[in-house]
Amino acid sequence: MARRWKAVLMRVGYTRVSTDKQTVFQSEQALKHSGCDQIYSDIATSALAKNRPGLGAARSSLKRGDTFVVLSIDRAFRSTIEGLVFLDELHKRGIEFQSIWQNIDTATPEGRKWFTYAVADAEYERAVIARRTKLAMQAAKSRGIKFGRKPVINAESLERISFHLTQNKSVAEIATLLGIGRSTLYRHLKNC
């Protein structure tokens, strides 16, 4: 008599952090504690990024009967529609979804309903945060606060550039002496 092997059902976890200054250690520990067999991560990846290799690898590893687990819905989806399409694809493949913090399990009709609300709330919250950030930056700019990198060429650098130009040094030599890129120096000279 042939022996049948029962497929091993997996709990596949996914987590994401937005910057390289954040760590996924705590998230991964929480996913392990929830019983995840495999955990995939994306580091320094925006929720709006189209290319999320960890999420892609997690999706590829899922098989019928598995459960896809996240700590929070906002860690996995960029928009309401993306979340709903993702969940529909999982269900068509016989895969369930769980969000630990929102206590959502889509194996039930109630879980699917709360998933819909939670993914919409995550998109709304992201939009509100973006609006607040934009308004705060506009207010700071109106007070004279500058954002971005500090200029590489300052007043002291200008004097040194002028001196070296009078000494008939090449742009490449001046850039090396000042420790700046040639393209930066060319761009500055073009704008002068």
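Residues numbered from 1 in each chain as written. Predicted model: local features only at pLDDT ≥ 70, side-chain atom pairs only at ≥ 80, totals over all residues. Heavy atoms only, no water.

## Remarks on the nonpolar core
Here's step 1: Within the largest apolar cluster, 21 residues are counted, with the highest numbers of intra-cluster contacts made by Phe68, Ile73, Phe77, Leu90, Phe97 and Phe115.
Here's step 2: Within the residue set of this core, elements represented by two or more residues are β1 (11–16), α2 (53–61), β3 (67–70), α3 (80–92) and α4 (109–142).
Here's step 3: Top contributing element to this core by residue count: α4, with four residues.
Here's step 4: Beyond its immediate stretch of four places on either side in the chain, phenylalanine 77 contacts Arg52, Glu82, Gly83, Phe86, Phe97, Phe115, Val119 and Arg126. (Core = buried A, V, L, I, M, F, W, Y, C linked by side-chain atoms within 4.5 Å. Buried < 20%, exposed > 50% of the residue type's maximum accessible area, 1.4 Å probe, protein only. Helix = DSSP H or I, 4+ residues; strand = E, 2+ residues; numbered from the N terminus. Contact = heavy atoms within 4.5 Å.)

## Observations concerning the pattern of salt bridges
Here's step 1: Tallied over the full model, the rule gives six salt bridges.
Here's step 2: Residue arginine 52 is joined to glutamate 82 by a salt bridge in which the shortest nitrogen-to-oxygen separation is 2.6 Å. Linking arginine 52 in the loop between β2 (38–42) and α2 with glutamate 82 in helix α3, this pair joins segments that are 30 residues apart in sequence.
Here's step 3: With a relative accessible area of 15%, glutamate 82 lands in the buried category. (Salt bridge = Lys/Arg side-chain N within 4 Å of Asp/Glu carboxyl O.)

## Describing the layout of surface pockets
Here's step 1: Estimates place the volume of the largest pocket at around 310 Å³.
Here's step 2: As for the largest pocket, its lining consists of 15 residues, and the residues nearest its centre are Ala47, Asp74, Arg75, Arg126 and Ile129.
Here's step 3: The element that contributes the greatest number of residues to the lining of the largest pocket is α4, accounting for six residues. (1 Å grid on protein atoms, 1.4 Å probe; cavity = no way out; pocket = protein on both sides within 12 Å on 5 of 7 lines; lining within 4 Å. Points joined across faces, edges and corners; volume = space filled by probe spheres on them.)

## What about the pairing of β1?
Here's step 1: The buried fraction of β1 amounts to five of the six residues, a majority that puts the element mostly inside the structure.
Here's step 2: The pairing of β1 with β3 spans four bridges and is parallel. Bridged to arginine 11 within β3 is threonine 67.
Here's step 3: Summarising the sheet, β1 and β2 pair through five bridges and their orientation is parallel. Residue pairing for β2: arginine 16 is matched across the bridge by aspartate 42.
Here's step 4: Once you follow β1 into helix α1 (residues 25–33) and on to β2, the crossover reads as right-handed. (Pairing = 2+ DSSP bridges. Right-handed = clockwise from strand over helix to strand, strands pointing away.)

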